[in-house]
Amino acid sequence: MFTSGSIKLFEVGGTAVRVHPTFFLLLAWIGALHWIEGGPQQALTGIIFVVVLFACVVLHEFGHILMARRFGIRTPDVTLLPIGGVAAMERIPEKPSEEILVAVAGPAVNLIIASILILFLGDSLDLERFARVEDAKPSFLAQVAVANLVLFVFNLIPAFPMDGGRVLRALLALRFGHTQATRIAATFGQGLAILFGVLGLMGNPFLILIALFIFLAASGEAGYVEMRDLTRGFRARDAMVSQFEALSPTADADSAAALLLRTTQQEFPVVDGAGALRGVLTREALIAALNDTGGQTPVLDIMTTDIPAVAENTPLEPVIELLQRKRMPAVAILNAQDQFVGYVNSQNLAEFVWVRSAQTKHPA
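Residues numbered from 1 in each chain as written. Predicted model: local features only at pLDDT ≥ 70, side-chain atom pairs only at ≥ 80, totals over all residues. Heavy atoms only, no water.

Caption draft 1: Spotlight on the side chain of D163. Secondary-structure assignment places D163 in helix α5 (residues 163-176). Within polar-contact distance, the side chain of D163 engages the side chain of H64 at 3.2 Å. Here D163 is in contact with H60, H64, A103, P107 and N155, once residues within four sequence places are set aside. (Helix = DSSP H or I, 4+ residues; strand = E, 2+ residues; numbered from the N terminus. Polar contact = N/O pair within 3.5 Å; in protein donor to acceptor, adjacent residues only side chain to side chain. Contact = heavy atoms within 4.5 Å.)

Have a look at this one:
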């Protein structure tokens, strides 16, 4: 939801560190504010402060990542947003104790950074800077120390999706189960978001941005967990599209457009004569090709080729992961002979979940 269009900066231990383009807008905004207040030198100092602070955020996220690896959980990437970092873990820790350890590992990094800086600064640390951590003025290291203390405290607020909210969910899961615990923690998070939004309307637009992120993240995580709960025990074949129109590898954009108009499909498998999947042509890619290169464009040039494939008896959970967390347009379904027999897309998965939700309200 928040990481599409991000730019890869570097990679550490198999985890890519990415930055969302809106992060550069934050740097420009900070630079402009400080330029108005004190000229180019203060603007540069303000930008450097933000960059250093976000370096601490990256270390915070790697605290989560390293702890998660102890439990066999990989993290393909971390994305920096104007309001912090998002680590895309492959799965949620299975045990509440594991989730607590993973959650607190991030804030612990900020506490360690702050402690080291406080020891280095000694009596020169001015605690009054708690009230103005955004102000890039002298005592640069003191501001970094204070900012890390603020990150430590803020992330331990017991409201989802902050780390404290994940600790709250893990504790609640011991009594209510993972799904109900997520709903409760998400409700706390949404309440906090509303509070931040009200405070932001009083003169701090950045709080409104934070409120929006918290509300959407809390709602998204609650929805994802509920979806996973509703699909537990079902297989990929249960949610797959098995009746569809396919394109041949020799087709062009015009023939694909004709197929788009006479069907309700939003993506089209490209299947060769042997029945093997070559790729998937999405509606967006087709329209872009018609606008940019014309109707004679071969579908082989515009289709998505790295479509993941799973066996038809694969549990739905990894399919959900591929569609939602990795943003694949579709997941190919193969039978026991490794033949392409259908696919699952986000729309069909959502319809499957809606049906399951309705069925659970009125069980047979």
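Caption draft 2: The pairing of strand β9 (residues 340-344), seen in detail. Counting buried positions along β9 gives four out of five residues, so the element sits mostly inside the fold. Pairing between strand β8 (residues 331-334) and β9: four bridges, direction antiparallel. Bridge pairing links I333 to G342 in β9. Between β8 and β9, which pair antiparallel and follow one another directly, the connecting turn spans five residues, one of which, D338, has a positive phi of 60°. (Buried < 20%, exposed > 50% of the residue type's maximum accessible area, 1.4 Å probe, protein only. Pairing = 2+ DSSP bridges.)

Caption draft 3: How the structure looks around the sheet that holds strand β4 (residues 84-88). Read from one edge to the other, the open sheet built from four strands follows the order β1-β2-β3-β4, with strand pairing classed as mixed. Two strands bound the open sheet, and with one partner strand each, they are β1 (7-12) and β4. Strand-to-strand twist in this sheet, taken as the mean axis angle between neighbours without regard to direction, amounts to 25°. As paired strands, strand β2 (residues 15-19) and strand β3 (residues 77-81) are joined by four bridges and run parallel to one another. Of the residues in β3, the one forming a bridge with A16 is D77. (Axes fitted to C-alpha atoms, helices over the stretch in contact; angles between N-to-C directions.)

Caption draft 4: Fine view of the packing of helix α2 (residues 40-69) against helix α3 (residues 96-121). Running from N to C, α2 and α3 cross one another at 140°; their axes reach a closest spacing of 7 Å. Classed by the angle they form, the pair α2 and α3 counts as oblique. As α2 runs across α3, the sense of the crossing is right-handed. Counted together, C56, L59, H60, G63, H64, M67 and A68 of α2 and L101, V102, A103, A105, G106, P107, V109, N110 and I113 of α3 form the full contact between these two elements. Partitioned by chemical class, the residues of the contact of α2 with α3 number eleven nonpolar, five polar and no charged. (Parallel < 35°, antiparallel > 145°, perpendicular 65-115°, else oblique. Left-handed = near helix turned anticlockwise from the far one by under 90°. Nonpolar A, V, L, I, M, F, W, Y, C, P; charged D, E, K, R; others polar.)

Caption draft 5: Region of the structure containing the sheet that holds strand β7 (residues 309-311). Strand order in the open sheet formed by three strands is β7-β8-β9, and the pairing between neighbours is mixed. Every other strand in the sheet has two partners, leaving β7 and β9 as the edge strands with one partner each. Taken over all neighbouring pairs, the strand axes of this sheet differ in orientation by 35° on average, direction set aside.

Caption draft 6: Main features of a nonpolar patch on the surface. Among the surface-exposed residues, I194, L195, V198, L199, M202, L212, F215 and L216 lie close enough to one another that they form a single nonpolar patch of about 730 Å² accessible area. Where the nonpolar patch is concerned, the elements lending two or more residues are α6 (178-201) and α7 (205-230). Top element by residues in the nonpolar patch is α6. It accounts for four residues. Along the polypeptide, F215 turns up in helix α7. (Patch = residues over 30% accessible without salt bridge, like charges linked within 9 Å, V, L, I, M, F, W, Y side chains within 5 Å. Areas by Shrake-Rupley, 256 points an atom, 1.4 Å probe, with all protein chains shown as cover. Salt bridge = Lys/Arg side-chain N within 4 Å of Asp/Glu carboxyl O.)

Caption draft 7: Examining the packing of aromatic side chains more closely. Going through the model one piece at a time under the given rule, you end up with seven aromatic pairs. Geometrically, the ring pair formed by F23 and F54 is edge-to-face, given 4.7 Å between the ring centres and 70° between the ring planes. Here F23 is found in helix α1 (residues 22-38), whereas its partner F54 is found in helix α2, with 31 residues between them in sequence. Overall, the relative accessible area of 7% leaves F23 in the buried class. Residue F54 is classed as buried on the basis of its relative accessible area of 7%. Judged by centre distance (5.3 Å) and plane angle (80°), the rings of F234 and F352 are edge-to-face. (Phe/Tyr/Trp six-rings, centres within 6.5 Å; stacked < 30°, edge-to-face > 60°.)

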